[in-house]
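# Structure assessment
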Amino acid sequence: MAHKNPIIVALDVPSAEQALKLAEQIAPAVGAFKIGKELFVSAGPHIVKKIRATGASVFLDLKFHDIPNTVAKAVAAAVRLDVQMTTIHTSGGSEMMRAAETSAQDTAKSLGRPAPLVLGVTVLTSSNNETLAEIGCEADTEKQVLRLAQLAVKSGLRGLVCSPLEIMALRKILPAHIQLVTPGIRTGAEKADDQKRTLSPREAMQAGASWLVIGRPIYAAENPRAAAEKILESIS
Ligand code: C5P
């Protein structure tokens, strides 16, 4: 499912000032901004409102994982902040996922806005088979990703976060309306960093990604706005 502008820029910067400056500079060239734990914990909910005020959509990536009632309330608070996407851990189980999705729908309805996408996170890419074995999960990572993805869809979620190398396998088993949001994107022009298994923006879109989460290739570029425009051109 392609969006007019599927680029989500990760605002992985430590201060509200830096985030806002970057957002104002590149908002017209991107589809949304991702606010993660570092920025949210240091700058607070206010930064969400400020970024929304640039006219951009916000992906609040806090990866909730708790008892269903607590996750539902956190999702409701995110909806009240007017975010367009947020994340929960699918390993919290079907009851937790259903509570999150219902809370997103009901809260949005009461405010007269469209419900944000509650995205499920399956197995973190920092985990491998040993990590799963350590916590008592005998499945390998790939099987576990597919299992959690199917559980997420059954529980009513409308989207998932996945690595670029999982897109094709997920597209084979998931209904077409499920939105896939993919980090690990590299254009080839940037310095080597900690991302090991990457695809280019074009490859990821062709594999079936709905949205691309891109951090350093845009915010660490000499001209972030031009970098975003070039990536958009490469996938248009
Ligand atoms: O700078 P870079 O493009 O690597 O940023 C990618 C963003 O996506 C970061 O915010 C990172 O935390 C996030 N992410 C990731 N890989 C995952 C999940 C999230 O890179 N598996």
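Residues numbered from 1 in each chain as written. Predicted model: local features only at pLDDT ≥ 70, side-chain atom pairs only at ≥ 80, totals over all residues. Heavy atoms only, no water.

Backbone geometry at Lys63 places phi at a positive 45 degrees, although glycine is not the residue there. With respect to the helices and strands, Lys63 occurs in strand S3 (residues 57-64). Given the relative accessible area of 24%, Lys63 is considered partly exposed. (Helix = DSSP H or I, 4+ residues; strand = E, 2+ residues; numbered from the N terminus. Buried < 20%, exposed > 50% of the residue type's maximum accessible area, 1.4 Å probe, protein only.)

The next thing to look at is the site of the ligand. In the region of the ligand, the neighbouring residues are Ala10, Asp12, Lys34, Thr125, Pro183, Arg186, Gln195, Val213, Ile214, Gly215, Arg216 and Pro217. Take Thr125: an N or O atom from its side chain is 2.7 Å from a nitrogen atom of the ligand. Here an oxygen atom of the ligand sits 2.7 Å away from a polar atom, N or O, in the side chain of Gln195. Protein contact buries 79% of the 460 Å² of open area that the ligand shows by itself. Of the residues contributing to the shell around the ligand, the split by class is 5 nonpolar, 3 polar and 4 charged. (Near = heavy atom within 4 Å. Polar contact = N/O pair within 3.5 Å; in protein donor to acceptor, adjacent residues only side chain to side chain. Areas by Shrake-Rupley, 256 points an atom, 1.4 Å probe, with all protein chains shown as cover. Nonpolar A, V, L, I, M, F, W, Y, C, P; charged D, E, K, R; others polar.)

Going residue by residue along strand S2 (residues 32-35), you find Ala32 and Lys34 tucked away on one face and Phe33 and Ile35 tucked away on the opposite face as well. As paired strands, strand S1 (residues 7-10) and S2 are joined by 3 bridges and run parallel to one another. Considered in S2, the bridge of Ile8 is made with Ala32. One crossover worth recording links S1 to the parallel S2 by way of helix H1 (residues 16-26), and it is right-handed. Examined bridge by bridge, S2 and S3 share 4 bridges and lie parallel to one another. (Pairing = 2+ DSSP bridges. Right-handed = clockwise from strand over helix to strand, strands pointing away.)

A few words now on the sheet that holds S2. Strand order in the closed barrel formed by 8 strands is S1-S2-S3-S4-S5-S6-S7-S8, and the pairing between neighbours is parallel. The mean angle between the axes of side-by-side strands here comes to 25 degrees, regardless of whether they run parallel or antiparallel. The pairing of S3 with strand S4 (residues 85-89) spans 3 bridges and is classified as parallel. Residue pairing in the sheet places Phe64 in a bridge with Ile88 of S4. Packed on one face of the sheet, helix H5 (residues 94-111) meets S3, S4 and strand S5 (117-121) and runs near 165 degrees to S4. Here helix H11 (residues 224-235) sits on the sheet and contacts S1 and strand S8 (211-214); the angle it forms with S1, its principal contact strand, is near 150 degrees. (Axes fitted to C-alpha atoms, helices over the stretch in contact; angles between N-to-C directions. Contact = heavy atoms within 4.5 Å.)

As a packed pair, helix H4 (residues 68-80) and H5 sit with axes 8 Å apart at the nearest point and diverge in direction by 30 degrees. By the angle between their directions, the pair H4 and H5 is classed as roughly parallel. Crossing of H4 against H5: the hand is right-handed. Contacts between H4 and H5 involve Pro68, Val71, Ala72, Val75, Ala76, Val79 and Arg80 from the former and Glu95, Met96, Ala99, Ala100, Ser103, Ala104, Thr107, Ala108 and Leu111 from the latter. (Parallel < 35°, antiparallel > 145°, perpendicular 65-115°, else oblique. Left-handed = near helix turned anticlockwise from the far one by under 90°.)

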